[in-house]
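Next come the chains, spelled out residue by residue.
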Amino acid sequence: MHGHSTFEPKNGFVKWLEARLPILSFSHESFVAYPTPKNLNYWWTFGAILSFMLVAQIITGVVLAMHYTPESTMAFDSVEKIMRDVNWGWMLRYAHSNGASMFFFAVYIHMFRGIYYGSYKAPREVLWILGVIIFLLMMATGFMGYVLPWGQMSFWGATVITNLFSAIPFVGDQITVWLWGGYSVGNPTLNRFFSLHYLLPFVIAAVVGLHVWALHVVGQNNPDGVDIKDVKKDSVPFTPHATMKDSLGIAVFLLLYAWFIFFVPNYLGDADNYIPANPMKTPPHIVPEWYFLPFYAILRSIPNKLAGVVAMFAAIALLAFLPWLDTSKVRSGKYRPLFKIFFWIFAATAIGLGYLGAMPPEGGYVLAARLLSVSYFAFFLVILPVLGLVEKTKPVPATIADAVLAKH
Amino acid sequence: MASASTVEPTRRDFLFIATGAMAAVGAAAVVWPLINQMSPDASTLAMASTEVDIGSIPVGQIVTIKWRGKPVFISHRSPKEIEEAQNVDVATLRDPQPDSARVKKPEWLIVIGVCTHLGCIPLGHQGDYNGWFCPCHGSVYDTSGRIRKGPAPLNLAVPEYSFLTDTKVKIG
Ligand code: HEM
Ligand code: FES
C-alpha cells in the first residue's frame, strides 16, 4: 500500500546509512506514513497496549532474574528476599506478576475485537493464526512463570498441568517423566521452566514481528470491515493520528495497571502461593491463574481424562480455524444482526466458564460447566458455519469515507 | 513402455541421496542428546529404595511416606475395610482388578498416593467408598485404592515392595 509521504533523507549521514541499511525509511513507511483507516475506534489501541506490555514484562523479568534463584530449596526464599530486601523489589515483582494479568486482559480484548469485527477473514488468515500462536506462547510463558516462586499453587499447578500430557495414549507417562526430569515435579522441572520462561518472551517478540509484518502487508481491518480504496479519502497517516491515539490508550491502561500494582497487588493471585511448595500435601482447592480458568472449566466438565484434555486443547486450537468456520461474506459484526447476538452469548459463555473454573467441581457447578462447554463449541462448530448461510445482513457501505460521512 | 534410459538413476542421484541420508543421520545424532538431557539424570535414577517400619501403625490408620519424591500410602486395613475391598464384583470396575492382586497381605495395602487423573494427592478415609477422595477434580477410590468415581482412569498404582520381616517393608 502506498503511504501518505515518502522518506527524503537530507542529512549526509542518513543518506550514507540509507544506502547500506534502509532502516530509517522502513520505520518511516511502517510507523509514520503508514495509512490507517479513518474509522478506527479505541478497541484498535490494544495492539499497541500489548506491545507495551511485552516490553514491560521483559524489562521487569530481566531485573527480577538478577535476584531470583531457580533451585527448589531456595526459589521461594529468593522471591521473599525480592519482596523484603531488594531495593524496589516488591514493586518490580508486583509489576511483573500483575503485568502478566494485564497482558492477558489486553490479549483477550484484542481477540474479542478480532472476532466481533471479523478481522480473521481473508486476507488476514495468516495474521490471525500468528496471533493464535502468540496466545499459545503466552500461555506457556505465564504458566512457567507462575511455577517460579515455588509456592503451593506453583507446585500443584505445575503437577496438574504437566500431568495433562500423561493422557496421551501409550507414551504419555514417558513424556511426563521426560518433562519433569524425574518421577514428579521437582528441582529439574523448576530449573528448565526458568530457562524456558526466560527464552519464550523473546520468541514471542519474534512472532510479534511476523504478526506486524503480515498486518502491514494486508492492512488493518476496521469497524466497518471495508478495505481502504482511496488512501487520501479513507485513511490518515499513522503519525500523528494512530501514534497519539495509541499513546492515550496506553496511558489509560497504565492507570489500571498501576492501580493493581499499588492498591491491590495480590487481588488476582492466590494466598496459597505464599506457602512454600510441599510435595506431600495438595491444597484443598487448586485453581490456576484467572486467565486459564475458562479452559480449566472445560477440562473439568468432562468426566474422562483423555476426553477432558482433548476438549481443553481443542477449545484453543479451534481459534486457528475461525477464518474457515465463519462462512459469512460480510466481515464486520456491525452489519450482522444475528451474529451480534451470538457474539455476546459467546462472550458471556467465556466469562461464565471462567467463573465456574474457579468454583469447586461439585453439584450444580459441574452441570453449568457442561452446558457452557457445549455452548462454547457450538459457537465455533454450529453457529458460525450456519449463520453465514442463513443470516440476512445489513447493507455494507462502499467505502470507509462513506461510512464516516454517514455518521455526520 | 518406452525405453527408460532417460529416467534411469545416475551415479549423481545415488551420491545425492547417500549424502542426504548421512546428513539426516548426523542431524538426528546431534538432536538426540539435546532431547535426552531432559530425562531423569543418573542421580535421580539411583535414588535408593526405602525401608519402612510398619510395626507402629495401628489398625485403621493410613501412613504416608516419601519414595522417589512421591507419597506412598501404607494402609493398615481393618477387617471391615478388607471385606469391603473383597466383596466387589470386579467386572463392574473401571479398571478391573481383584483386591488379592493388589496386596501381598490383606491387612496391608501399599499404593502410590498420586491420583491417576492429574497427579494430586487424594485424602484418606474420605469419599463414598471410604477409601480416598481426590480434592482436585473429585475422583473417588475404594479401600483397595481402586477408582470408583470421577475422572481418573486407573487404580492407584501399587509400587514394587517386599516384606523384609513382619514389621518391615522395603519399597522399590
Ligand atoms: C511474555 C512475557 C512474560 C510473562 C507473561 C511472564 C509471567 C510471569 C508470571 C505470571 C510470573 C509469576 C509471578 C508471581 O506470582 O510472582 C513470573 C515470574 C518470573 N518471571 Fe516472568 N513473564 C514474562 C517475561 C519474563 C522475562 C522476559 C523474564 C526474564 C528473565 C522473566 C523472569 C521472571 C522471574 C525471574 C520470575 C520469578 C520471580 C517472581 O515470581 O516474581 N519473565 N513471570
Ligand atoms: S487430580 Fe485427582 S481428580 Fe484430578
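Residues numbered from 1 in each chain as written. Chains lettered and ligands numbered in written order. Predicted model: local features only at pLDDT ≥ 70, side-chain atom pairs only at ≥ 80, totals over all residues. Heavy atoms only, no water.

1. Notes on the interface of chain B and chain A
Piece 1. Counting residues at the interface gives 25 residues for chain B and 28 residues for chain A.
Piece 2. Counting the surface lost from both chain B and chain A, the interface buries some 2,200 Å², and carbon and sulfur atoms represent 66% of this.
Piece 3. In terms of surface lost to chain A, no three residues of chain B exceed Met38, Leu118 and His137 of chain B, which account for 29% of the buried area on that side.
Piece 4. In this assembly, chain B and chain A are joined by nine residue pairs in polar contact (both at pLDDT 80 or more).
Piece 5. Looking at the side of chain B that touches chain A, the elements that each hand over two or more residues are helix 2 (42–45), strand 2 (62–67) and strand 3 (70–76) of chain B.
Piece 6. Among the residues forming the side of chain B that touches chain A, the class breakdown is 12 nonpolar, 10 polar and three charged. (Contact = heavy atoms within 4.5 Å. Buried area = accessible area lost by both parts, 1.4 Å probe. Polar contact = N/O pair within 3.5 Å; in protein donor to acceptor, adjacent residues only side chain to side chain. Helix = DSSP H or I, 4+ residues; strand = E, 2+ residues; numbered from the N terminus. Nonpolar A, V, L, I, M, F, W, Y, C, P; charged D, E, K, R; others polar.)

2. A short note on the site of ligand 1
Residue and element names in this part refer to chain A.
Piece 1. Close contacts around ligand 1 come from 24 residues, with Arg93, His96, Gly145, His197 and Tyr198 the closest.
Piece 2. For ligand 1, an oxygen atom lies 2.8 Å from a polar atom in the side chain of Arg93.
Piece 3. In the environment of ligand 1, a nitrogen atom lies 2.8 Å from a nitrogen or oxygen atom belonging to the side chain of His96.
Piece 4. Of all the secondary-structure elements, those providing two or more residues to the shell around ligand 1 are helix 3 (46–65), helix 5 (89–116), helix 6 (125–147) and helix 9 (187–218).
Piece 5. Counting residues per element, the shell around ligand 1 draws most heavily on helix 3, which supplies six residues.
Piece 6. By residue class, the composition of the shell around ligand 1 is 15 nonpolar, eight polar and one charged. (Near = heavy atom within 4 Å.)

3. A look at the coordination of the iron atom of ligand 1
Residue and element names in this part refer to chain A.
Piece 1. Coordination of the iron atom of ligand 1 by the protein involves His96 (NE2) and His197 (NE2), with metal-donor separations of 1.9 to 2.0 Å.
Piece 2. Here His96 falls in the buried class, since its relative accessible area comes to 17%.
Piece 3. By relative accessible area, His197 is classed as buried at 14%. (Donors = N, O, S within 2.8 Å, 3.2 Å for Na, K, Ca; no water. Buried < 20%, exposed > 50% of the residue type's maximum accessible area, 1.4 Å probe, protein only.)

4. Focus: the environment of Pro303 of chain A
Piece 1. Among the secondary structure elements, Pro303 of chain A is positioned in the loop between helix 12 (293–301) and helix 13 (305–317).
Piece 2. With 63 residues separating them in the primary sequence, Pro303 of chain A and Val366 of chain A have C-alpha atoms 9.8 Å apart.
Piece 3. Once residues lying within four places of it in the same chain are set aside, the contact partners of Pro303 of chain A are Arg370 of chain A together with Gly150 and Pro151 of chain B.

5. Describing the pattern of salt bridges
Two side chains with opposite charge may pair up if their charged atoms get near one another.
All names here are of chain A.
Piece 1. Overall, the coordinates contain 13 salt bridges over all chains when judged by the stated rule.
Piece 2. In this structure, Asp326 and Lys121 form a salt bridge, with 3.2 Å as the shortest nitrogen-oxygen distance. With Asp326 in the loop between helix 14 (322–325) and helix 15 (337–357) and Lys121 in the loop between helix 5 and helix 6, this pair connects stretches of sequence that are 205 residues apart.
Piece 3. Lys121 gets classed as buried once you look at its relative accessible area, which sits at 7%.
Piece 4. For the salt bridge of Arg331 with Asp227, the shortest nitrogen-to-oxygen distance reads 3.1 Å. One end of the pair, Arg331, is in the loop between helix 14 and helix 15; the other, Asp227, is in the loop between helix 9 and helix 10 (231–234), and 104 residues separate them in sequence. (Salt bridge = Lys/Arg side-chain N within 4 Å of Asp/Glu carboxyl O.)

6. So, the sheet that holds strand 7 (residues 140–141) of chain B
Residues and elements named next belong to chain B.
Piece 1. The strand order across the open sheet formed by four strands is 5-6-7-8, and the pairing between neighbours is antiparallel. The strands lining the two open edges of the sheet, one partner per strand, are strand 5 (123–124) and strand 8 (147–149).
Piece 2. In this structure, strand 6 (residues 132–133) lies alongside strand 7, joined through two bridges in antiparallel fashion. Along strand 7, the bridge assignment pairs Phe133 with Val140. (Pairing = 2+ DSSP bridges.)

7. Brief notes about the domain arrangement of chain A
Residues and elements named next belong to chain A.
Piece 1. Here chain A is described as being made up of domain 1 (34–288) and domain 2 (292–320 + 337–392).
Piece 2. Listed as interface residues are 23 residues of domain 1 and, on the opposing side, 26 residues of domain 2.
Piece 3. Of the roughly 2,100 Å² buried between domain 1 and domain 2 on both sides combined, carbon and sulfur atoms contribute 81%.
Piece 4. Where domain 1 meets domain 2, there are zero salt bridges.
Piece 5. Remark: the boundary between domain 1 and domain 2 carries two residue pairs in polar contact (both at pLDDT 80 or more).
Piece 6. Those elements that provide at least two residues to the side of domain 1 that touches domain 2 are helix 5, helix 6 and helix 7 (152–163).
Piece 7. Here the element with the most residues in the side of domain 1 that touches domain 2 is helix 6; it accounts for seven residues.
Piece 8. Taken together, the residues of the side of domain 1 that touches domain 2 sort by class into 20 nonpolar, three polar and no charged. (Domains from an automatic or database assignment.)

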